[in-house]
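Coordinate inspection notes
Next come the chains, spelled out residue by residue.
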Amino acid sequence: EAKRAGRGRFRVFETGMDAALRDRRELEIDLRRASALKQFDVHYQPFVDLYTNRVIGFEALIRWDHPVRGRVSPVDFIPLAEETGLICKIGEWVLRTACATAMTWPEEMTVAVNISPVQFRSDALVQTVLSALAHSGLPAHRLEIEITEGALLENTANVLATLHALRDLGIKISMDDFGTGYSSLSYLQKFPFNKIKIDRSFVQGADEGGDSEAILKAIAGLGLSLGMAITAEGVETQEQLARIRSEQCTHVQGYFTGRPMSADSISTFLSA
Ligand code: C2E
Ligand code: MG
Ligand code: MG
Ligand code: MG
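Here goes a summary of the coordinates provided. Everything quoted here is computed from the prediction, not taken from an experiment.

1. Observations concerning the coordination of the magnesium ion (ligand 3)
Protein ligation of the magnesium ion (ligand 3) involves Asp-176 (OD), Asp-177 (OD) and Glu-233 (OE), the donor distances falling in the range 1.8 to 2.3 Å. Along the chain, the residues donating to the magnesium ion (ligand 3) fall in the pattern D-D-x55-E. Here the magnesium ion (ligand 3) and the magnesium ion (ligand 2) are spaced 3.7 Å apart, linked through Asp-176, which binds each one. Residue Asp-176 is located in strand S6 (residues 172-178), and its partner Glu-233 is located in strand S8 (residues 229-233); the two are separated by 57 residues in the primary sequence. For the pair Asp-176 and Glu-233, one class covers both residues: buried.

2. Some details on helix H2 (residues 74-84)
Structural remark: α-helix, 3.6 residues per turn; residues separated by three or four positions point the same way. Looking at H2, one finds that the buried residues are Phe-77, Leu-80 and Ala-81. On an axial view of H2, the arc spanned by its buried residues comes to 100°, and they lie on one face. Away from its buried face by more than 90 degrees, H2 exposes Val-75 and Glu-83. The N-cap residue of H2 is Ser-73: its side-chain oxygen and the backbone nitrogen of Val-75 are 3.0 Å apart.

3. Some points on the layout of surface pockets
Estimated volume of the largest pocket: approximately 1,400 Å³. Taken together, 47 residues make up the lining of the largest pocket; nearest its centre are Leu-61, Val-75, Asn-114, Asp-176 and Asp-177. Counted by class, the lining of the largest pocket contains 18 nonpolar, 15 polar and 14 charged residues.

4. Considerations on the packing of aromatic side chains
Evaluation of the coordinates by the stated rule reveals eight aromatic pairs. Centre to centre, the rings of Phe-191 and Phe-193 are 5.2 Å apart; their planes meet at 75°, and the pair counts as edge-to-face. By way of ring pairs, the aromatic residues Phe-40, Trp-64, Phe-77 and Trp-93 are connected into one cluster. Here Lys-195 stacks its cationic end above the ring of Phe-47, 4.6 Å away from the centre of that ring. A cation sits over an aromatic face here: Arg-259 above Tyr-255, 3.9 Å from the ring centre.

5. Here's the deal with the side chain of Lys-197
Inspection of the secondary structure puts Lys-197 in strand S7 (residues 195-198). Filtering out sequence-adjacent residues up to four positions away, Lys-197 remains in contact with Phe-47, Glu-59, Glu-146, Ser-174, Met-175, Asp-176, Asp-177, Phe-178, Thr-231, Glu-233 and Gln-253.

6. A word on the environment of Ala-112
Summarising the element assignment, Ala-112 is placed in strand S4 (residues 110-114). For the pair Ala-112 and Asp-264, spaced 152 residues apart in sequence, the C-alpha separation works out to 18 Å. Those residues in contact with Ala-112 that lie beyond four places of it in its chain are Phe-47, Phe-58, Glu-59, Ala-60, Glu-144 and Glu-146.

7. Observations regarding the pattern of salt bridges
Overall, the coordinates contain 15 salt bridges when judged by the stated rule. The salt bridge involving Glu-83 is made with Arg-24; its shortest N-O contact spans 2.4 Å. Of this pair, Glu-83 sits in helix H2 while Arg-24 sits in helix H1 (residues 2-34), and the two are 59 residues apart along the sequence. On the accessibility criterion, Arg-24 (34% relative accessible area) is partly exposed.

The rules we used
Every chain's residues receive numbers from 1 upward, in the order its sequence appears when written. Chain labels run from A onward and ligand labels from 1 onward, assigned in the order the entries are written. Residues qualify for local features only when their pLDDT is at least 70, as the model is predicted, and side-chain atom pairs are given and counted only at 80 or more; totals for whole chains, interfaces and linings, by contrast, use all residues. Note that water and hydrogens are dropped before the side-chain values are worked out from all heavy atoms of the structure. Because water is not among the atoms used, a metal site may look incomplete, as its donors are only the N, O and S atoms within 2.8 Å, or 3.2 Å for Na, K and Ca. Only DSSP runs of H or I covering at least 4 residues are called helices, and only runs of E covering at least 2 are called strands; the numbering of each starts at the N terminus. Think of it in three bands: with a 1.4 Å probe and only protein chains considered, a residue is buried below 20% of the maximum accessible area for its type, exposed above 50%, and partly exposed in between. Comment: arc refers to directions from the helix axis out to C-beta atoms. Whenever two N or O atoms come within 3.5 Å, that pair is a polar contact, provided that in protein one can donate a hydrogen and the other can accept it, and provided that, for residues adjacent in sequence, both atoms are side-chain atoms. Only protein atoms enter the calculation, which uses a 1 Å grid: trapped sets of points that fit a 1.4 Å probe without letting it out are cavities, open sets showing protein on both sides within 12 Å along at least five of seven lines are pockets, and any residue with an atom within 4 Å of a point is a lining residue. Grid points are joined across faces, edges and corners, and a volume is the space filled by probe spheres set on the points. Residues are sorted three ways: Asp, Glu, Lys and Arg are charged, Ala, Val, Leu, Ile, Met, Phe, Trp, Tyr, Cys and Pro are nonpolar, and all the rest, Gly among them, are polar. Any two rings among Phe, Tyr and Trp, with Trp reduced to its six-membered ring, count as a pair given centres within 6.5 Å; such a pair is stacked if its planes are under 30 degrees apart, edge-to-face if over 60, and tilted if neither. Here, a charge over a ring is recorded when the distance from Lys NZ or Arg CZ to the ring centre is within 6 Å and its angle to the ring normal is within 35 degrees. Contacts: residue pairs with any heavy atoms within 4.5 Å of one another. Criterion for a salt bridge: a side-chain nitrogen of Lys or Arg within 4 Å of a carboxyl oxygen of Asp or Glu.

Shape descriptors only; they carry no functional weight alone.
Rendered as structure tokens:
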């Protein structure tokens, strides 16, 4: 009796695995075609300077409208794109699109582009960035690159060389999602980032006080003393905005100050 139940459970488990694998394979095939079928788009979410209360730029965020699944979150397909290497082509498209779009904005505004650790390990990255700038005519100082701690894990000498090459071109470098991942304070020392983006889990978790609030305070203080700009991610309420202001964050990005929007909506947003 127990044996049969056990076997039954195993079969169900196996079927679940098969289904997950099949689903993943299907998604991978669709992902390979998505670019040619023009299913990708880039949305832009504003950054606001907390001293002037003005929008100073936007982060480019890829969107995938799948014909059957609807909108697939980048959280679900970026890892797949990384595993399959497709991220390099997709990332290049995002970079070119974002630079070209930023050229239509007021001249002082910057565009931030997320770069996957996989792209960072490829030798072509600096060339790809240069080419996107040249094609669009965007000056290098209006481009920001966002990397996560994962990019700094492997092959550190190469990664550092790439970061320095980008910095030497005048591009700004942000450490994204700081405080999650492998958070090592030594990363902040190894490379002079222009900006630290505090992960939204600390911003939102600080509502309950406790650890998140202490971590938020500590990261903001660290950034301040290292001379880096500090962006608080994921601010959704007036109360959270007040808190990050009092913690001396320099910038805010979140639904409260603006959701990601299509390129077409930006001029209306800016004139509102
Ligand atoms: P990220 O770079 O940390 O981007 C911020 C994410 O938080 C975005 O999710 C944004 O829509 C979301 N967000 C912003 N404000 C709020 C808020 O107030 N509340 C909540 N709940 N969420 C907020 P999105 O667009 O789904 O992107 C998720 C992640 O996917 C990004 O995190 C980034 O790691 C990755 N990603 C997106 N676009 C690209 C891309 O072009 N290339 C690469 N390599 N990764 C990308
Ligand atoms: Mg980002
Ligand atoms: Mg982030
Ligand atoms: Mg994030």
